[in-house]
Amino acid sequence: MTDINYEVHPLFAEPFFRGDIGFAISDEQIEYIKNLKMVPNHQNLISENLYIFEEPELKSIKDAVQEALDVFASEVMGIPQRLYVTQSWSLINNPNIGMHGHSHSNSIISGSLYYTDLPAPGSNMIFDRHRAYQQLQFTPQNDKQNIFNTTMNVVTPQRNDLILFSSGLQHFVETNMSSEPRYSIAFNTFIKGKLGDYRDVSELTL
Ligand SMILES: [Fe+2]
């Protein structure tokens, strides 16, 4: 306890967006995605097709993802430019398989989509605030964890969740401890429009 009257405010914050796009996903699309040809990835399986949102069968899902990206760009980032999906792929984590820590190169915002039921117990997505090797480990005591000091944050995905996050954020997926496969889709994005200023010679048209 202290006699000091004090306040603590966040200076900056890292957004994580969760939207429900169940309205855009049909049973036929679920079957279509589950039946895509898969090839071995690091530990899990990844679709051979790495532009799955370009397939006409998935148009309604692509449109709903675009709608969410438009909201994220205008309401969260507050920018007039447009985010658009670059690569998009499906993933299967079979029992006892997770996904090691990684971030997404050459992308601004990345996303995950959980298009069908998730097995129980669920495997979470874990975000790590550190992007590089840490020489000093400031580990908060269990009962003192808060938004300022936590090193990791957990997201428990649910069916129809569309999750958006900064592509540079380190994240991993817990090992699938159930006896069923865990299905998901992932994608990257880039930006279209004009950045900078003509007179400042910082103009860049994308
Ligand atoms: Fe990822």
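Being a predicted model, the structure only gives us computed values, none of them experimental.

Reading the values: the criteria
Residues numbered from 1 in each chain as written. Predicted model: local features only at pLDDT ≥ 70, side-chain atom pairs only at ≥ 80, totals over all residues. Helix = DSSP H or I, 4+ residues; strand = E, 2+ residues; numbered from the N terminus. Contact = placed C-beta atoms within 7 Å. Pairing = 2+ DSSP bridges. Axes fitted to C-alpha atoms, helices over the stretch in contact; angles between N-to-C directions. Buried ≥ 20, exposed ≤ 12 C-beta atoms within 10 Å, placed from the backbone.

Trainee: What's the story with the overall build of the protein chain in this structure? I'm lost.
Mentor: Regarding its fold elements, the protein chain presents 2 helices and 13 strands. With the principal axes as the frame, the protein chain shows a C-alpha extent of 65 × 55 × 30 Å. Taking the contacts inside the protein chain whose residues are at least 6 apart along the sequence as the reference set, 82% of them involve residues at least 24 apart.

Trainee: Which parts of the structure should I look at to understand the sheet that holds strand β2 (residues 38-40)?
Mentor: To summarise the sheet geometry, strands pair through backbone hydrogen bonds and adopt either a parallel or an antiparallel arrangement. Read across the open sheet, the 7 strands follow the order β1-β9-β6-β11-β4-β3-β2; overall the sheet is antiparallel. Only two strands of the sheet have a single partner each, and these edge strands are β1 (16-20) and β2. Averaged over all pairs of adjacent strands, the angle between strand axes in this sheet comes to 30 degrees, irrespective of strand direction. In terms of strand pairing, β2 meets strand β3 (residues 45-47) through 3 bridges, oriented antiparallel. Note on β3: the bridge partner recorded for Val39 is Ile46. Packed onto the sheet, helix α2 (residues 59-77) meets β1, β4 (82-93), β6 (109-113), β9 (161-166) and β11 (182-192) and runs at close to 125 degrees relative to β4.

Trainee: Looking at this structure, I do not really get the environment of His171. What am I missing?
Mentor: Examined against the element boundaries, His171 turns out to sit in strand β10 (residues 170-173). For His171, the residues in contact, after removing those within four places along its chain, are Gly101, Met125, Ile126, Phe127 and Asp128.

Trainee: Help me understand unusual backbone geometry, please; the structure alone is not making it clear to me.
Mentor: Geometrically, the link from Ala120 to Pro121 is a cis peptide bond, its omega value of -5 degrees lying close to zero. Its location among the elements puts Pro121 in the loop between β6 and β7 (125-128). The phi dihedral of Val201 is positive, around 45 degrees, even though this residue is not glycine. Structurally, Val201 is set in the loop between β12 (194-195) and β13 (204-205). By C-beta crowding, Val201 is classed as exposed, having 7 other C-beta atoms within 10 Å.

Trainee: I keep staring at the sheet that holds strand β8 (residues 152-155) and nothing clicks. Help me out?
Mentor: Ordered in space as β5-β10-β7-β8, the 4 strands form an open sheet in which the pairing is antiparallel. For this open sheet the edge positions go to β5 (99-102) and β8, each flanked by a neighbour on one side alone. Ignoring strand direction, the axes of neighbouring strands in this sheet form an average angle of 15 degrees. Here β7 runs beside β8; their pairing, made up of 4 bridges, is antiparallel. Its bridge partner lying in β8, Ile126 is registered against Val154.

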